[in-house]
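Breakdown of the fold
So you can see what is in the structure, the chains are spelled out below.
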Amino acid sequence: METIPANLPRGEDGYVKWDQVDIDSLKLPAGDDMGIVSDDEDVNVEEVKSESGFGNVVVVDNLPKVPSAKVEKLTTVLKKIFGQIGLIRENGLVMPVDDTGSTKGFAFVEFHGAAEAAAAREQTDGYKLDKAHVFKTSSFDDFAKFERVPDVYEQPKPKPWTPKENTQSYMLDERGRDQYAIRFGDATEIHWNDAQKSAPVEVYKRDFWTESYVQWSPRGNFLATVHRQGVALWGGPGFTRFQKFSHNGVQFIEFSPCERFLASGSTHDEGREATVLVSFFDTRSGAKLRSFQGPISDFAVGSGARGGLTWPVFKWGGPSPDGAFFARMKKDQISVYEAPTMTLVDKKSISLEGVVDFCWSPADPILSVFQPEQGGGNQPARVSLISLPSKKEIRSKNLFSVSDVKMYWQQSGDYFACKVDHHTKSKKSIYSGFELFRVKEPNCPMEVLELPDKNQKIVAFAWEPKGHRFAVIHGDGARPDVSFYTMIDKDSAINKVKRIGTLKNKTANHLFWSPQGGTIVLAGLKTMNGQFEFFNVDEMETMASAEHFMATDVEWDPTGRYVTTAVTSVHQMENGFHVWTFNGRLLYKHGRERFYQFLWRPRAPSLLGAEKEREIAKNLKKYSKRFEELDDAIRNAQDSHLAAEKQGVLDEWNKWVAAKKAEMEAPAYAAKVEALMRARYPGWKPGGDEDVVEEQVEVEDIISVEEEPYVGGMMM
């Protein structure tokens, strides 16, 4: 930036007296930016540059050709569609007509800014008005650009190849550490969790990185940041930007399990009813694959929508060799789509009368759905498992006198559970039980589990991620019981659910299994003020009990070695997080004001088979020796560093003492002391003792006081 000319008149305070300056005589710096360079790295000059001065205008083609009587109605529809993206100028929507007054099938829409026009082009290109009319939206400037295309083709010069950063570099850490992201105040930071140093090690830090929140992709390759203009993906050792997706006013995002696709959603309050926009993108190319748009009433369907829209509107299915599936619930049906074509499977939805809830298996393309009772109770409620893409029903169960149903999938997809709340005939009381499905066994057998006291309240339920057990918190008091069950009964020829044991009177209302199974954290959050118990389910013993006052969140790292408890900005005090080992030993505390998020970075799926993993677990001591040696070397280095620091402080102290002794032994110091004593005590002589007065003082201290009983005139 050029400086202000020195010859301008200035006052005593050094500031320019602009009332004495001839503005017309000033020469401004060259360029549209007046010499001021923007520090916004996201601004792409080529995108906002307008060739014709009409950068804020878009052209919408493939509109219905309607007679003059229907022009007003079509205009209203178009204003509703484009008005929720940006502010349309007055008389800014124009549809050319022919001699008869009928529209020609295209329109011009003028916005107040070029950014709004760019967003409209991005979001409405490919918008399906009806079966016969799919919008083709272009920028007005594109036409001028197309006119300049030469008649003779010239092969473009190839751009130099620049390698992208390795998004899985974090998996190559020699010490096998894990990363996590934290967000507090205006800052977002990435850290290594360094257990040997018992401290976080900063990897990357950036202020104002996101405008709302951050989210890791399911395999940990990318960190997504959310902005008013859309979503950006970052990755690699330097966290460079890999991709960006335009979605004005985006509020929610959801990755597919394979990370190849991203769904973004937003709500827009326009007119009498809010509208919803959900867009799907290819994360590799950045291309928008499809958008769904409509009134919020079309998306807020089912039991989860009683208070309004519940995200995700579209739920991603488990991995499948046939592609990625995602589904949306509508009235009396579930629409299942397939990526990357983004079309309905078999071109039709699955009809399910009265359906109110559904969820996917985390491991397979299997859909679980719940339909409540119909016809005043004459038609029973129903829970079904449906396989995709065949849409074949694997198993179903009719349920009676149902008040509510909650569905739980085990992480490996081996088991599925329904917590069913039944009401009595009088509907004055409710009792609960579980319907358990063995999904991967022949014919998908199922069984019913009821607690010893079925009238007890079910507080929480959680499957062991890798294993065959589950835990239930049940009870009506402030200290409920925790019971553990297994789906494999080794004492029986036929597998059936079996209770392992029950822990009485626990301060817990949440369950958090280790990702590797075997260990669980019994957590008392919210009203229980952060009480934790680290429990070994294999041995049925408590490893440790701990407290993190006012804790709101608990999250395991992907390896199951460490667990984090956090206090977020829900509370104004004690914000920050604690990192613990799996057996409940506190590693370190990290306080941060206005703490919003703690997110462990996911790991990519293991390339080892189940048999190889069992072999490693069996011979763990052989494999762990190398890492133990590395840990010892780190600890020794830390001890050496600490010893060096201590020795440095001691050397500095000894040096200071030696300097003081030398100063006191110097003749100049003795002369200075003598002058000071003569000034303070007239008549003082060096080496004399007449100014010394000795006085002996006796001081008595009471060492102890003992009371003894009085017996027969004698002290005992």
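Whatever comes next refers back to the structure up there.
In what follows, the accompanying structure is described. (Residues numbered from 1 in each chain as written. Predicted model: local features only at pLDDT ≥ 70, side-chain atom pairs only at ≥ 80, totals over all residues. Heavy atoms only, no water.)

This part takes up the overall build of the chain. Check the secondary structure of the chain and you find eight helices and 45 strands. A total of 716 residues make up the chain; the buried ones form 39% of that total. Of the contacts made within the chain by residues no fewer than 6 positions apart, 45% connect residues no fewer than 24 positions apart. If you sum the accessible surface of the chain, you get close to 42900 Å²; carbon and sulfur atoms cover 51% of it. (Helix = DSSP H or I, 4+ residues; strand = E, 2+ residues; numbered from the N terminus. Buried < 20%, exposed > 50% of the residue type's maximum accessible area, 1.4 Å probe, protein only. Contact = heavy atoms within 4.5 Å. Areas by Shrake-Rupley, 256 points an atom, 1.4 Å probe, with all protein chains shown as cover.)

Turning next to the nonpolar core. By size, the foremost hydrophobic cluster in this structure holds 20 residues, and its most contacted members are Leu78, Phe82, Val109, Phe111 and Phe135. Contributions of two or more residues to this core are made by β1 (57–61), α2 (71–83), β2 (88–94), β3 (106–111) and α3 (114–124). For this core, the element with the most residues is α2, which contributes four residues. Formed by 18 residues, the second largest nonpolar core is a distinct cluster that contains Val383, Val402, Trp409 and Cys418. (Core = buried A, V, L, I, M, F, W, Y, C linked by side-chain atoms within 4.5 Å.)

The next point concerns the environment of Phe106. By secondary structure assignment, the location of Phe106 is in strand β3. On the basis of relative accessibility, which here comes to 26%, the residue Phe106 falls in the partly exposed class. A C-alpha to C-alpha distance of 5.4 Å links Phe106 and Leu63, two positions 43 residues apart in sequence. Each residue touching Phe106, except ones within four places of it in the same chain, is listed here: Val60, Asp61, Leu63, Met95 and Pro96.

Time to look at the pairing of β3. Residues Ala107, Val109 and Phe111 line the buried face of β3, whereas the alternating positions Phe106, Phe108 and Glu110 sit on a face that is not buried. Relative to β3, β1 runs antiparallel, the two sharing five bridges. Across the sheet, the residue bridging to Val57 is Glu110, located in β3. (Pairing = 2+ DSSP bridges.)

The omega torsion across Ala339 and Pro340 is 10°, close enough to zero to call that bond cis. Tracing the chain through its elements places Pro340 in the loop between β20 (333–339) and β21 (343–344). Each neighbour pair has its own omega, and for Leu388 with Pro389 the value is 5°, a cis peptide bond. Structurally, the position occupied by Pro389 is in the loop between β25 (381–387) and β26 (392–399).

Turning next to the sheet that holds strand β33 (residues 481–486). Read across the open sheet, the four strands follow the order β31-β32-β33-β34; overall the sheet is antiparallel. Looking at which strands have only one partner, the edges of the open sheet turn out to be β31 (458–463) and β34 (498–503). Taking each pair of neighbouring strands and ignoring which way they run, the sheet shows an average axis angle of 20°. Examined bridge by bridge, strand β32 (residues 469–474) and β33 share six bridges and lie antiparallel to one another. Residue Val472 lies in a different strand from β33, and its bridge partner there is Ser483. (Axes fitted to C-alpha atoms, helices over the stretch in contact; angles between N-to-C directions.)

Summed over the entire model, instances satisfying the criterion amount to 42 aromatic pairs. Taking the centre distance of 5.3 Å and the plane angle of 15° together, the rings of Phe326 and Tyr337 count as stacked. With Phe326 in strand β19 (residues 324–330) and Tyr337 in strand β20, this pair connects stretches of sequence that are 11 residues apart. Judged by its relative accessible area of 0%, Phe326 is buried. A residue is classified by how much of its surface remains accessible, and Tyr337, at 4% relative accessible area, is buried. Between Tyr415 and Trp463, the ring centres sit 5.5 Å apart and the planes meet at 15°, which makes this aromatic pair stacked. (Phe/Tyr/Trp six-rings, centres within 6.5 Å; stacked < 30°, edge-to-face > 60°.)

Glancing now at the pattern of salt bridges. Pairing of side chains with opposite charge becomes possible as their charged atoms draw close. Per the stated rule, a full pass over the model turns up 26 salt bridges. For Asp282, the salt bridge goes to Arg260, with nearest N and O atoms at 3.9 Å. Taken together, the residues Asp282 in strand β16 (residues 275–282) and Arg260 in the loop between β14 (252–255) and β15 (261–268) connect sequence positions 22 residues apart. Asp282 sits in the buried class, given a relative accessible area of 10%. Between Glu464 and Arg469 there is a salt bridge, and its shortest N-O distance comes to 2.7 Å. Judged by relative accessible area, Arg469 falls into the buried class, the value being 12%. Through salt bridges with shared partners, a single ionic network connects Asp173, Arg175, Arg177 and Asp194. (Salt bridge = Lys/Arg side-chain N within 4 Å of Asp/Glu carboxyl O.)

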